[in-house]
Amino acid sequence: MAGLSRAEVLKWLCTEDEEALCELRERADAERRRRVGDQVHLRGLIEISNHCVRSCHYCGLRGPNHGLKRYRLTREQVLQSARLALSLGYGTVVIQSGEDPGLTSDWVTELIETIRRQTRLAVTLSLGERSDEELAAWRYAGADRYLLRFETSRRDLYERIHPPLASTPSDRIRLLRRLRELGYEMGTGMMIGIPGQTLEDLTDDIMLLAELDPDMIGLGPFVPHPDTPLGKVVPVTSGQAPNSENMVLKVLALVRLVCPMSNIPATTALASIDPEGGYEAGLRWGANVIMPNVSPAEVRKFYQIYPGKVCVTETIEFHERLVRRIQEMGRSVGVGRGDSAAYLARQKGAV
Ligand code: 5AD
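First things first, this report covers the structure right here in the doc.

Section: the overall build of the chain
Alright, step 1. In terms of helices and strands, the chain carries 14 helices and eight strands.
Alright, step 2. In terms of overall dimensions, the chain is globule-like: its C-alpha atoms have a radius of gyration of 19 Å, near the 20 Å expected for 351 residues.
Alright, step 3. In terms of principal-axis extent, the alpha carbons of the chain reach across some 50 × 45 × 45 Å.
Alright, step 4. Across the 351 residues of the chain, 58% fall into the buried class.
Alright, step 5. A fraction of 80% describes how many contacts in the chain between residues 6 or more apart in sequence connect residues 24 or more apart.
Alright, step 6. Summed over all atoms, the accessible surface of the chain reaches about 14,600 Å², with 54% contributed by carbon and sulfur.
Alright, step 7. Of the side chains in the chain, 45 bear a positive and 46 a negative charge, and the two mean positions are spaced by 3 Å.

This is how it looks when you write it as structure tokens:
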């Protein structure tokens, strides 16, 4: 099933008919199986710093949130987390942080080189909007992938919730194209149910994903954080897109249909609004990746992007339960690096 028109996407988003939605899920699940298979790839997420110079209106890490204790991992702590990911059989580490200039270009470069040399794990970076020079240096150092969500494709909404830094206007779409030119596997995505976001906006987000054809796509519900401007009173505008699990799953299925070869995680945010079944639901509606947290246990509670984040303490127990749950679904845990099928197909096309 190739492509969906804008009108079809919008119609699906408006549908509440249980039978129709069951059919949507089955179509997305079949497409997932056909294009990326039954393996669920696990990525070890390392949250290396919660310092952030930005003031995004939804995120608990925003600079002006003075109530949060800030930390930056040492090189040795990051390497220890990477070794933990390796010992659990993961093929990838995801190095994530707030937008933190304290993580200097050279420090990150050396870190990437060391992880690659010591573990051979694939390295995904998610360090925010960084300069073209840094992105090029890190790619050269051996980073394989980069995640940067566009959050919403609606320009005025984006600008309202992302105050720019004085020095540089924010243009994430330009950065995503740059990442692709540099040879990264490129990942992006959005939040679902941002105050002021409509189903039309979500339709545009999905159509933008179809156009960008990312190698990885992360999506999750907007979760209000009380210490942020969007976490206070949520004004209910008419046509507001819900930040519900059902809406996230619908979007997930549609995204699988328009970007069938992408790696798509069942995200922590989805699991956080449904701790019992969120991961499984994601995997049944089109997802093929999960990103378990391997950060040092003592810092996890400080990486509070939103409240109620799951897997704040455990690692081994969570891992074992996850493997069991994946197998009980008739799926298997991914082996190897789990490179994006979309990326590999593009590479092949290029030669
Ligand atoms: N609710 C849900 N997701 C959030 N993110 C940041 N803040 C929130 C929130 N309050 C997401 C953004 C960001 C990713 C790392 O976390 O989409 O890209």
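So, the packing of aromatic side chains
Alright, step 1. Taken as a whole, this structure holds two aromatic pairs when the rule is applied.
Alright, step 2. Between Tyr146 and Tyr184, the ring centres sit 5.8 Å apart and the planes meet at 80 degrees, which makes this aromatic pair edge-to-face. Of this pair, Tyr146 sits in strand 4 (residues 145-147) while Tyr184 is found in the loop between helix 7 (172-181) and strand 5 (185-192), placing the two residues 38 residues apart along the sequence.
Alright, step 3. Under the relative-accessibility criterion, Tyr146 is labelled buried at 1%.

Section: the side chain of Thr228
Alright, step 1. Mapped onto the secondary structure, Thr228 falls in the loop between strand 6 (216-221) and helix 9 (245-258).
Alright, step 2. With residues near it in sequence (within four places) discarded, Thr228 still touches His57, Tyr58, Cys59, Gly60 and Arg62.

A short note on the pairing of strand 2 (residues 92-97)
Alright, step 1. Here strand 2 lies mainly inside the structure; six of its six residues are buried.
Alright, step 2. Residues Thr92, Val94 and Gln96 point to one face of strand 2 and Val93, Ile95 and Ser97 to the other, with burial holding for every one of them.
Alright, step 3. Inspection of the sheet shows strand 1 (residues 39-49) paired to strand 2 by six bridges, in the parallel sense. Directly across from Glu47, in strand 2, lies its bridge partner Gln96.
Alright, step 4. Tracing the backbone out of strand 1, into helix 3 (residues 75-87) and back to the parallel element strand 2 gives a crossover that is right-handed.
Alright, step 5. Both strand 2 and strand 3 (residues 122-126) contribute to a ladder of five bridges, which runs parallel. Each residue of the ladder has a partner; that of Thr92, found in strand 3, is Ala122.
Alright, step 6. At this point the chain moves from strand 2, through helix 4 (residues 105-119), to the parallel strand 3, and the crossover so formed is right-handed.

Thoughts on the site of the ligand
Alright, step 1. Around the ligand, a shell composed of Tyr58, Cys59, Arg149, Glu151, Met191, Pro221, Phe222, Val223, Ile305 and Tyr306 is seen.
Alright, step 2. Here a nitrogen atom of the ligand sits 2.9 Å away from a polar atom, N or O, in the main chain of Tyr58.
Alright, step 3. Between Arg149 and the ligand, the recorded distance is 2.9 Å, taken from a side-chain N or O atom to an oxygen atom.
Alright, step 4. In the complex, 86% of the free accessible area of the ligand, which totals 400 Å², lies under the protein chains.
Alright, step 5. Here the shell around the ligand is composed, by residue class, of eight nonpolar, no polar and two charged.

Points about unusual backbone geometry
Alright, step 1. For Glu151, which is not glycine, the phi torsion reads 70 degrees and is therefore positive.
Alright, step 2. Mapped onto the elements of the fold, Glu151 is located in the loop between strand 4 and helix 6 (155-161).

Here we look at the nonpolar core
Alright, step 1. Judged by nonpolar contacts, the single largest core of 97 residues is most densely connected at Ile95, Leu125 and Val251.
Alright, step 2. Those residues within four positions of Ile95 in sequence are excluded, and the remaining contacts are Ile46, Ile48, Val78, Ile115, Val123, Thr124, Leu125, Ser126 and Leu127.
Alright, step 3. If you look at the next biggest cluster of nonpolar residues, it comprises six residues, including Leu45, Val94, Met216 and Met291.

Digging into the pattern of salt bridges
Alright, step 1. Scanning the entire structure with this criterion turns up 35 salt bridges.
Alright, step 2. Of the charged contacts in the structure, one is a salt bridge between Arg32 and Asp38, with a shortest N-O distance of 2.8 Å.
Alright, step 3. Overall, the relative accessible area of 1% leaves Arg32 in the buried class.
Alright, step 4. With relative accessibility at 29%, the residue Asp38 sits in the partly exposed group.
Alright, step 5. For Arg325, the salt bridge goes to Glu280, with nearest N and O atoms at 2.9 Å. Placement of the pair is Arg325 in helix 13 (residues 316-328) and Glu280 in helix 11 (residues 278-284), with a sequence separation of 45 residues. We note that Arg325, like Glu280, is buried.
Alright, step 6. Among the ionic contacts, a cluster of salt bridges with common partners joins Arg25, Asp29, Arg32, Arg33 and Asp38.

About the cut-offs
Every chain's residues receive numbers from 1 upward, in the order its sequence appears when written. The predicted origin of the model limits local features to residues at a pLDDT of at least 70 and limits the giving and counting of side-chain atom pairs to 80 or more, whereas totals for whole chains, interfaces and linings rest on all residues. To obtain the side-chain values, all non-hydrogen atoms of the structure were included, while hydrogens and water were left out. Only DSSP runs of H or I covering at least 4 residues are called helices, and only runs of E covering at least 2 are called strands; the numbering of each starts at the N terminus. C-alpha atoms define the radius of gyration, and 2.2 Å times the number of residues to the power 0.38 defines the globule rule. In this scheme, a residue with accessible area under 20% of its type's maximum is buried, one over 50% is exposed, and one in between is partly exposed, where area comes from a 1.4 Å probe on protein chains only. By definition in these notes, contact holds between two residues if any of their heavy atoms fall within 4.5 Å. For the accessible areas, the method is Shrake-Rupley and the probe is 1.4 Å, while residue cover comes only from the protein chains on display. Under the convention used here, Asp and Glu are negative, Lys and Arg are positive, and both His and the chain ends fall outside the count. A charged residue contributes its charge at one atom only: NZ of Lys, CZ of Arg, CG of Asp or CD of Glu. Under the pairing criterion, centres of Phe, Tyr and Trp rings, with the six-membered ring standing for Trp, must be within 6.5 Å; the plane angle then separates stacked pairs below 30 degrees from edge-to-face pairs above 60, leaving the rest tilted. We call two strands paired when DSSP finds no fewer than two bridges between them. The path from the first strand over the helix to the second decides the hand: if it runs clockwise while the strands point away from the viewer, the crossover is right-handed. Throughout, the term near means that a residue has one or more heavy atoms lying within 4 Å of the molecule or strand in question. Between N or O atoms, a polar contact is any pair within 3.5 Å; within protein, one atom must be a potential hydrogen donor and the other a potential acceptor, and residues adjacent in sequence are included only when both atoms are from side chains. Charged residues are taken to be Asp, Glu, Lys and Arg, nonpolar residues to be Ala, Val, Leu, Ile, Met, Phe, Trp, Tyr, Cys and Pro, and polar residues to be all remaining types, Gly included. Side-chain atoms within 4.5 Å link the members of a nonpolar core, which is a set of buried Ala, Val, Leu, Ile, Met, Phe, Trp, Tyr and Cys residues. Within this document, salt bridges are pairs made up of a side-chain nitrogen of Lys or Arg and a carboxyl oxygen of Asp or Glu, the two lying within 4 Å of each other.

Just distances and angles here, no functional claims.
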